[in-house]
Structure formats: C-alpha cells, structure tokens
Amino acid sequence: MVTTPGGPALGEPAPPAQVQVLVVEDEPAIATAIAHRMRAEGWQVEIAADGLAAVAAAARLRPDVIVLDVMLPGIDGLEVCRRVQAERPVPVIMLTARDDETDMLVGLGVGADDYMTKPFSMRELLARTKALLRRVERSVQLAGTAPADPAITLGDVSIDRGQRRVSRAGEPVHLTPTEFDLLVTLALNPRTVLTRERLLAEVWDWIDASGTRTVDSHVKALRRKLGADLIRTVHGVGYAFEPAEG
Ligand code: CA
C-alpha cells in the first residue's frame, strides 16, 4: 500500500494534521468518555471542567474544535462560546440538555456550529466532529485558492460570497459562518424546496436525519435576522428561499 509518510490512508478523506480538541464538560464520566473516544482517533484532547478553565485552555491550546457543554459551573457554555469566539473564530459543537434549548441558543446567536442534545451517542458525536473539521478544512482551502464566488442578489437581499457579507434593503446583517453557509445554499436554489436532509448534507456535511433539529434552529435564526418572509417552511419536507419579486 502506498501512503505519504504521516499522511492519511488511501481512500480516507484527509483530516487536519494533529487535531486538537478541547472538551468542556463538568461531568467527569462524560468528559472522560468523549476524550477516550477521540484519542482513539489519534486526536489530542484536553478537558476543562468549568467555564473559566475552558476560556484559558482555548487561548493556550488554540484548538481545532471545542465540544462545549452548556451547563457549567462558573460561567456557562454560552458565555464561554462568546468569549472564545471574540478572541478567534473556532468551530464549536454545543451539548444541550433539551431540544428546545438548542432553539434558544441558536436564537441568541451564540455562534456554535452544531448542537447535540444529551444523551447522544459517541459515534454520532465523532461523526459530527469529523464533518465539522472537514467543513473548516474545505473553507480554508477555498479561501486560499478559489476565485471569489460571484455575489448573489435576490430581491432586496445581497450576498457577497467573497467577503461573506449579507445585507437586506441595504442594511448589513451579521450572520454566523454556519448561518451564512445555510443562506447561500438556500439562495443558490431560489423558490425551490430543499429538504432538511439535503441542507444538512450540503451545509453541515452530515447525513443522519438526527441532525435536522440543527437545520430548523438555524433557519429560525436566519428568519430572526433577515425577516420572517424570506424562507418558507414546507411542513414535513424542508425550506425554500422566496425572495421578494423585484
Ligand atoms: Ca454540565
């Protein structure tokens, strides 16, 4: 078998070299189980058991991804996410206690990329972490090599894909990276119903239907920021971008 020294095995998508993960979780059994499973992937894993330790560890380690429990002693996961993201953008998977908590957190614009409700399977957490790392890797590669994508203008919505800026009726709208990717995916297929599974696959690079709650939550966040009229729900199927006729 031919491999590059230290490189990925043939047929495997290339993971970032030496993935560094920060696990922020105050329940030792869960933290240890996550760390154990991720170390088996060859990843470097460090655990922080409270919010302030997490902020300090993020600054020191510069992790590739943070798995962040919401309920923590000291400052909670929301505040950890805000403080860490204020320093530098880092992919975050947030662990929540209930599905409606995910809606609430996305609505607050905390800036996590994905959400998982406890109890979750380790297999699913690992798959979603890998999907998130692939997304980040891809966007870094695109930023370095691809010519600027053309801007999209639909009705009064303008999307500058090169600068990753959005405005509606001339007013800038601040979106998280995941919200931006979701909006672009919808806007590239205007007046077309995209299933939640397709959105999950295209935006999150993840294909298990258990993740569709994340799609719903991010659509809610887009509506809150851009206006409720732009994205139509097709019940039981998915969503369609419906720009105003101009
Ligand atoms: Ca907790």
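Asker: Before we go on, may I ask you to explain helix α3 (residues 77-87) in this structure?
Answerer: Residues spaced three or four apart along an α-helix face the same direction, because each turn holds 3.6 residues. Among the residues of α3, Gly77, Leu78, Val80, Cys81 and Val84 are the ones counted as buried. Buried residues of α3, viewed axially, fall in a sector of 160°; they line one side. With respect to the buried face of α3, the exposed residues turned more than 90 degrees away are Ala86 and Glu87. Where α3 begins, the capping side chain belongs to Asp76, and its oxygen is found 3.2 Å from the backbone nitrogen of Leu78.

Asker: Teacher, can you tell me more about the sheet that holds strand β12 (residues 238-241) here?
Answerer: The strands making up a sheet associate through hydrogen bonds between their backbones, and the pairing can be parallel or antiparallel. In spatial order, the strands read β10-β12-β11; together these 3 strands make up an open sheet with antiparallel pairing. Single-partner strands in this sheet number two, and they are β10 (194-195) and β11 (231-234). On the sheet, helix α8 (residues 212-226) packs against β11 and β12 and is oriented at approximately 145° with respect to β11.

Asker: Sorry if this is basic, but what is going on with the packing of helix α7 (residues 196-204) against α8 here?
Answerer: When two helices pack together, you describe them by how their axes are tilted relative to each other and by the distance separating the axes. Direction vectors running N to C along α7 and α8 enclose 85°, while the axes themselves pass 9 Å from each other. Taken together, the axis directions place α7 and α8 in an arrangement best described as roughly perpendicular. Residue-level contacts link Arg196, Glu197, Leu199, Leu200 and Trp204 of α7 to Thr212, Thr214, Val215, Asp216 and His218 of α8. Considering only residue class, the contact of α7 with α8 consists of 4 nonpolar, 3 polar and 3 charged.

Asker: It is not clear to me how the coordination of the calcium ion should be interpreted in this structure. Could you clarify?
Answerer: Octahedral six-donor coordination of a metal ideally yields angles of 90 or 180 degrees, compared with 109.5 degrees for tetrahedral four-donor coordination. At this site the calcium ion is bound by Asp26 (OD), Asp69 (OD) and Met71 (O), with donor distances of 2.1 to 2.4 Å. The motif formed by the donor residues of the calcium ion, counted along the single chain, is D-x42-D-x1-M. Pair noted here: Asp26 is in the loop between β1 (20-24) and α1 (28-39) and Asp69 is in strand β3 (residues 65-69), with a separation of 43 residues, a long-range link. The exposure class of Asp69 is buried, given its relative accessible area of 3%.

Asker: What am I meant to see in the packing of helix α2 (residues 51-61) against α3 here?
Answerer: Close contact between α2 and α3 brings their axes to 10 Å; oriented N to C, the two are set at 20°. The orientation of α2 relative to α3 falls into the category roughly parallel. With respect to the hand of their crossing, α2 and α3 are arranged in right-handed fashion. Residue-level inspection shows Gly51, Leu52, Ala54, Val55 and Ala58 of α2 in contact with α3, the latter providing Val80, Arg83 and Val84.

Asker: Explain the side chain of Arg168 here, please?
Answerer: Within the secondary structure, Arg168 is located in strand β8 (residues 165-168). A distance of 3.0 Å separates a polar atom in the side chain of Arg168 from a polar atom in the side chain of Asp229. Those residues in contact with Arg168, other than ones at most four positions away along the chain, are Asp156, Val157, Val173, Leu226, Gly227, Asp229 and Leu230.

Asker: Would you explain the sheet that holds strand β7 (residues 157-160) in this entry?
Answerer: The strand order across the open sheet built from 4 strands is β6-β7-β8-β9, with neighbouring strands paired in antiparallel fashion. The sheet is open, and its two edges are formed by β6 (152-154) and β9 (171-173), each paired on a single side. Averaged over all adjacent pairs, the angle separating strand axes in this sheet is 20°, with direction ignored. The pairing of β6 with β7 spans 3 bridges and is classified as antiparallel. Residue Thr153 lies in a different strand from β7, and its bridge partner there is Ser158. Contacts from helix α6 (residues 177-187) reach β6, β7 and β8, with the element oriented near 115° to β7.

Asker: Got a minute to help me understand the pairing of strand β4 (residues 92-96) in this structure?
Answerer: Here is the key point about a regular strand: its side chains alternate between the two faces of the sheet. For β4, a buried count of 5 out of 5 residues is recorded, marking the element as mostly surrounded by other parts of the structure. A two-sided burial pattern is seen for β4, the buried positions comprising Val92, Met94 and Thr96 on one face and Ile93 and Leu95 on the other. Here 4 bridges tie β3 to β4, and the two strands are oriented parallel to one another. Bridged to Leu68 within β4 is Met94. In this fold, the crossover linking β3 to β4 by way of α3 has right-handed handedness.

Scoring rules and cut-offs
- Residues numbered from 1 in each chain as written.
- Predicted model: local features only at pLDDT ≥ 70, side-chain atom pairs only at ≥ 80, totals over all residues.
- Heavy atoms only, no water.
- Buried < 20%, exposed > 50% of the residue type's maximum accessible area, 1.4 Å probe, protein only.
- Helix = DSSP H or I, 4+ residues; strand = E, 2+ residues; numbered from the N terminus.
- Arc of directions from axis to C-beta.
- Polar contact = N/O pair within 3.5 Å; in protein donor to acceptor, adjacent residues only side chain to side chain.
- Pairing = 2+ DSSP bridges.
- Contact = heavy atoms within 4.5 Å.
- Axes fitted to C-alpha atoms, helices over the stretch in contact; angles between N-to-C directions.
- Parallel < 35°, antiparallel > 145°, perpendicular 65-115°, else oblique.
- Nonpolar A, V, L, I, M, F, W, Y, C, P; charged D, E, K, R; others polar.
- Donors = N, O, S within 2.8 Å, 3.2 Å for Na, K, Ca; no water.
- Left-handed = near helix turned anticlockwise from the far one by under 90°.
- Right-handed = clockwise from strand over helix to strand, strands pointing away.

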